[in-house]
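One letter stands for each residue in the lines below.
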Amino acid sequence: MARDLRGFLNLLEERRQLRRINALVDSDLEIAEISNRMLQAGGPALLFENVKGAEFPVAVNLLGTEQRVCWAMNMEKPQELEELGKKLGMLQQPKPPKKISQAIDFGKLLFDVVKAKPGRDFFPPCQQVVVEGDDLDLHKIPMIRPYSGDAGKIITLGLVITKDCETGTPNVGVYRLQLQSNNTMTVHWLSVRGGARHLRKAAERGQKLEIAIALGVDPLILMAAATPIPVDLSEWLFAGLYGGSGVPLTKCKTLDLEVPAASEFVLEGTITPGEMLPDGPFGDHMGYYGGVEDSPLIRFHCMTHRKDPVYLTTFSGRPPKEEAMMAIALNRIYTPILRQQVSEIVDFFLPMDALSYKAAIISIDKAYPGQARRAALAFWSALPQFTYTKFVIVVDKDINIRDPRQVVWAISSKVDPSRDVFILPNTPFDTLDFASEKLGLGGRMGIDATTKVPPETEHEWGEPLESDPEVAKMVDRRWAEYGLADLDLEDVDPNKFGYEVN
């Protein structure tokens, strides 16, 4: 499997999941328009080799399907991601092994951690070309502007690397950056993020904050950096666990920071605390333009890159987008960790069309009255990334939570709104959610769509309709005899049932 961007592009091309575009295209609006149409149709990744006014090609939509995200994680099927989640859960809350087999599994995990330790590359590809001082011009990077109302060109898939000036602990995040001039950009990060904390510490000491932006990295590292799981591991170690071997790092040319050695581009700069510029508006994942915020200004003084580098980018917006595909994969990774936190949860799903975090569907093995409400409340506090989940729907374990027809049936047949819907008002909320009356403060709704047991109901619940098991077995045996063996009953077209799904 690939361990850098070029390797992943080669993999996609071998599997016929990459299209090279030789026609002249504009990084202003046009690339995003083409890519958005591909995303809507679940189409292939795109490599634009002839970008107006640019020396370098642009890659986009690499992670535009769940299958390609799995390939980026060195896996073939989404279900394999749950095995990774089990490993991370064991690291998060290790338990003393009760069996020899458990001890062996934990020993294997510790060996995986040792293998995941970052390596060192003293002749890094990312420093084949060095540009410094007045020669540095960020306009040479073919950044895109996705929407006509966007304030400018942006970087979206850059690893933003900073370091705690007190402890020396690095932080790796994925934040949006807006181009401001030939050598400056603003970085948009929430105050709770690692980079923002590092900037506050630097300000307290009266120091500038060193910051590096690594562009065009192995997509697996992007997935590791985007995983906000509360494990006391560095993102580099995280990525090593994801990929099965350590990430080769190298020291920046001018900063005391380390970056992936195989990056296509590396930008090196500093932030002076208090130096800010307006950032935005930009199209956001909610499907609207965000606001304008004063954001920290980065002054870059050095850019290094590989020979003939490839610029990797993406953009936010109403799903489906690459960020939504990444979230679907992360959903699988979270599942074993969530089960460890909330034992009654069998499975959970964050639908892409609910922005991958605004609504959660949970299935539970119900054993007592009130359990669905308990599970919903526990979900909201289980992991930090569920803080902004607005709706939680709880169903029985026999409901396929990834089939919207079954979920809608459960809500319609098992919910009495006066009994089964509860609302928590005035809770901390996402400032990008314009539905809230007050930005940053909103309500949450829990829906109990499970079968009710006394004293939740005062009457007997009806018997569910099921096929006669003996007749079902007979039909299974005779299916080919009926002349129906050529029909694929697993691949169901929802448009045949009144939906309009493109």
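Below is a short write-up of the structure.

About the cut-offs
Residues numbered from 1 in each chain as written. Predicted model: local features only at pLDDT ≥ 70, side-chain atom pairs only at ≥ 80, totals over all residues. Heavy atoms only, no water. Buried < 20%, exposed > 50% of the residue type's maximum accessible area, 1.4 Å probe, protein only. Helix = DSSP H or I, 4+ residues; strand = E, 2+ residues; numbered from the N terminus. Arc of directions from axis to C-beta. Contact = heavy atoms within 4.5 Å. Polar contact = N/O pair within 3.5 Å; in protein donor to acceptor, adjacent residues only side chain to side chain. Pairing = 2+ DSSP bridges. Axes fitted to C-alpha atoms, helices over the stretch in contact; angles between N-to-C directions.

**Regarding helix H8 (residues 235-243)**
Next, step 1: Taking burial as the measure, the nine residues of H8 include nine buried ones, the bulk of the element.
Next, step 2: One or two positions beyond H8, positive phi appears at glycine 244, with a value near 90°.

**Details of helix H11 (residues 404-414)**
Next, step 1: Those residues of H11 that fall on the buried side of the exposure criterion are Val407, Ala410 and Lys414. The buried residues of H11 occupy one face: seen down the axis, they fall within an arc of 65°. Away from its buried face by more than 90 degrees, H11 exposes Pro404 and Ser412.
Next, step 2: Summarising the contacts, the buried residues of H11 are in contact with strand E18 (359-364), strand E19 (391-396), helix H12 (417-420) and strand E21 (441-449).
Next, step 3: Where H11 starts, the residue carrying a side-chain oxygen 3.0 Å from the main-chain nitrogen of arginine 405 turns out to be aspartate 403.

**Some details on the sheet that holds E18**
Next, step 1: The five strands are arranged E17-E18-E19-E21-E20 in an open sheet whose pairing can be described as mixed. Each having just a single partner strand, strand E17 (345-349) and strand E20 (421-428) make up the two edges of the open sheet. Strand-to-strand twist in this sheet, taken as the mean axis angle between neighbours without regard to direction, amounts to 20°.
Next, step 2: The sheet contact formed by E18 and E19 spans six bridges and is parallel. For serine 363, the partnering residue across the bridge sits in E19 and is valine 395.
Next, step 3: Along the sheet, H11 contacts E18, E19 and E21; its crossing angle with E21, the most-contacted strand, is approximately 80°.

**Digging into unusual backbone geometry**
Next, step 1: Proline 281 follows glycine 280 through a cis peptide bond whose omega is 0°.
Next, step 2: By the element assignment, proline 281 lies in the loop between strand E14 (265-279) and strand E15 (293-305).
Next, step 3: Residues proline 454 and proline 455 are joined by a peptide bond in cis, for which omega reads 5°.

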